[in-house]
Amino acid sequence: MKKTIQIEGLWFTRDEEGAGWSCETELKGWNGPHESCDVVIEIDTEMSDGFSSQPLVPDLEPTEAQIAAVKYLLENQSRIIERVLDASLRWARYFMENNEDWFDEDEAIESVSQLRDNMGALEILVSPQAVDGFAWIGFSTDCEWDEEHGLGIAVWKDTVIDVGHADVAFSTPYGGFVEILPIEEKETRENVLSSLEEQEQQAEAEYLASLPDSVKLVQAICIGDQDEVQRLKQRGAKVNHTPATFPPPIFMAMQTQDPAAVAAMIAEGASLSVKNHEGQSPVEFAQQMIETFSMSSQMPLGDPELMREMISEFLGEDVGDPYDVVQDTLNEIRGLGGELADAADEIGGMFDRLAGEDSESTPGSSHDSEQQETLDALQQILEIVRQAK
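Focus: the sheet that holds strand β4 (residues 36-44)
Strands pair in a sheet through their backbones, by hydrogen bonds, and they do so in one of two ways: parallel or antiparallel.
Line of reasoning, step 1. Taken in spatial order, the eight strands line up as β1-β2-β3-β4-β5-β6-β7-β8 in an open sheet, and their pairing is mixed. Unpaired on one side and paired on the other, β1 (4-7) and β8 (159-164) mark the two borders of the sheet. Neighbour to neighbour, the strand axes of the sheet diverge by 25° on average, direction disregarded.
Line of reasoning, step 2. Sheet analysis places strand β6 (residues 134-141) next to strand β7 (residues 151-156), joined by six bridges and oriented antiparallel.

Spelled out as structure tokens, the structure:
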């Protein structure tokens, strides 16, 4: 197994987990028009499908499209960095204009020179996703105007296809803020984004099709699809035969926050003697859901540090960034599709509101009644599992 490979005179080293390759080099233009800066170029070869929690094929070498993207970057670095800086400036202005209450007038960023003073070191990640023989590349950095989320830019060849928070640089671009990018690149940008979206949809479809019948059965029960439930049972699917890589069925139902789904899962024979990966029984998990939601509903909107402290308290001190843990868990649930994915989206929305990212949430609005409905549903779930036990 190779431990190093050479691309355009640069030596890339395989990382210890076998998920990619990296190389330290210099690029011109980031710190100044004629200045070079140290950067690490990482090539992601883990080839995960983006939906399952396990890598599909570890220890791969870079694809031809990734090698082509690295070569193109090195050969056209000045122009690409210039466009990355232009997109970064557009995003900084957009962000500050739409959050003007957070900034003083003298903090305005009006030029690339001022932009450079407000950004950190550049990180580069070459994605395994490709269009027309070239992988897209993510550029990310810290930024003073948004210390919590950072800055991310996605580039295909020399076209910026997306810009926003740092996660833009390492998750499939969807063009959330393309309206602030140059109009002359619109057609190329739309074509690339459309192709990436199709790839993502195909990967999701293939993943869902590959799920064991037992997991499909649990999903069908959760969404109340009786025809699918009967079809899968006739094929021999059993509720309590889900692989250990998935939560036990009763917990999957509880995560939907739908009392009907929980009741249906119990009616189909889901075991209540199981425990989740935290060692909790269904009753204990239901109690924690209520406790967590009650605490979050009392939390002032837009207080991310308080929410971080709360999540850390529940998850433990050694879990890393609690935000990342929550988002990774939600993404795993979204990968299951159906109402499980819808529930994950709702929880994600609540998470964003508490972090101050959802401007539509205001105290005293319908938000309060929605919170009460959710709390009532969680209490019903607790009562259902208690009585069933």
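This is not the end of the story, as more comes after the structure.
Considerations on a negative patch on the surface
Line of reasoning, step 1. Together, Glu42, Asp117, Glu123, Asp142, Glu144 and Glu147 line one region of the surface with negative charge.
Line of reasoning, step 2. Here Asp117 lies in helix α3 (residues 112-117).
Line of reasoning, step 3. When its relative accessible area of 58% is taken as the criterion, Asp117 is described as exposed.

Topic: the pairing of strand β3 (residues 20-28)
Line of reasoning, step 1. Sheet topology places strand β2 (residues 10-14) next to β3; two bridges connect them, and they run antiparallel. Paired with Thr13 across the two strands is Ser22, which belongs to β3.
Line of reasoning, step 2. Linking β2 to β3, which pair antiparallel, is a turn of five residues; within it Gly18 sits at a positive phi near 70°.
Line of reasoning, step 3. Looking at chain direction, β3 and β4 are connected through nine bridges and run antiparallel. By the bridge assignment, Glu24 is partnered in β4 with Val40.

Some words on the confidence of the model for the protein chain
Line of reasoning, step 1. The predicted model of the protein chain averages 85 in pLDDT, with 83% of residues at 70 or higher.
Line of reasoning, step 2. Between residues 49-56, whose pLDDT stays under 50, and residues either more than four places distant or in other chains, the model counts 16 contacts.
Line of reasoning, step 3. Per-residue pLDDT stays below 50 along residues 359-364; that stretch engages in seven contacts with residues further than four places along the chain or on separate chains.

Structural notes on the pairing of β8
Line of reasoning, step 1. Most of β8 is tucked away: six of the six residues are buried.
Line of reasoning, step 2. As judged from the five bridges shared by β7 and β8, these two strands associate in the antiparallel manner. Considered in β8, the bridge of Trp156 is made with Thr159.
Line of reasoning, step 3. Linking two consecutive strands that pair antiparallel, namely β7 and β8, is a turn of two residues; a positive phi of about 55° is found at Lys157 within it.

Considerations on the packing of aromatic side chains
Line of reasoning, step 1. Taken as a whole, this structure holds nine aromatic pairs when the rule is applied.
Line of reasoning, step 2. Note on Tyr72 and Phe134: the rings are 5.8 Å apart at their centroids and 75° apart in plane angle, and the pair reads as edge-to-face. Residue Tyr72 is located in helix α1 (residues 64-75), and its partner Phe134 is located in strand β6; the two are separated by 62 residues in the primary sequence. When sorted by exposure, Tyr72 lands in the same class as Phe134, which is buried.
Line of reasoning, step 3. Plain terms: the ring middles of Trp91 and Phe95 are 6.0 Å apart, the flat faces sit at 45° to each other, and that makes the pair tilted. Taken together, the residues span about one helical turn, with Trp91 and Phe95 both in helix α2 (residues 77-97) at a distance of four residues.
Line of reasoning, step 4. By relative accessible area, Phe95 is classed as buried at 8%.
Line of reasoning, step 5. One aromatic cluster is present, built from ring pairs that chain together Trp91, Tyr94, Phe95, Trp102, Phe103 and Phe177.

Conventions and cut-offs
- Residues numbered from 1 in each chain as written.
- Predicted model: local features only at pLDDT ≥ 70, side-chain atom pairs only at ≥ 80, totals over all residues.
- Heavy atoms only, no water.
- Pairing = 2+ DSSP bridges.
- Helix = DSSP H or I, 4+ residues; strand = E, 2+ residues; numbered from the N terminus.
- Axes fitted to C-alpha atoms, helices over the stretch in contact; angles between N-to-C directions.
- Patch = residues over 30% accessible without salt bridge, like charges linked within 9 Å, V, L, I, M, F, W, Y side chains within 5 Å.
- Areas by Shrake-Rupley, 256 points an atom, 1.4 Å probe, with all protein chains shown as cover.
- Salt bridge = Lys/Arg side-chain N within 4 Å of Asp/Glu carboxyl O.
- Lys, Arg positive; Asp, Glu negative; His and termini not counted.
- Charge placed at Lys NZ, Arg CZ, Asp CG, Glu CD.
- Buried < 20%, exposed > 50% of the residue type's maximum accessible area, 1.4 Å probe, protein only.
- pLDDT = per-residue confidence, 0-100.
- Contact = heavy atoms within 4.5 Å.
- Phe/Tyr/Trp six-rings, centres within 6.5 Å; stacked < 30°, edge-to-face > 60°.

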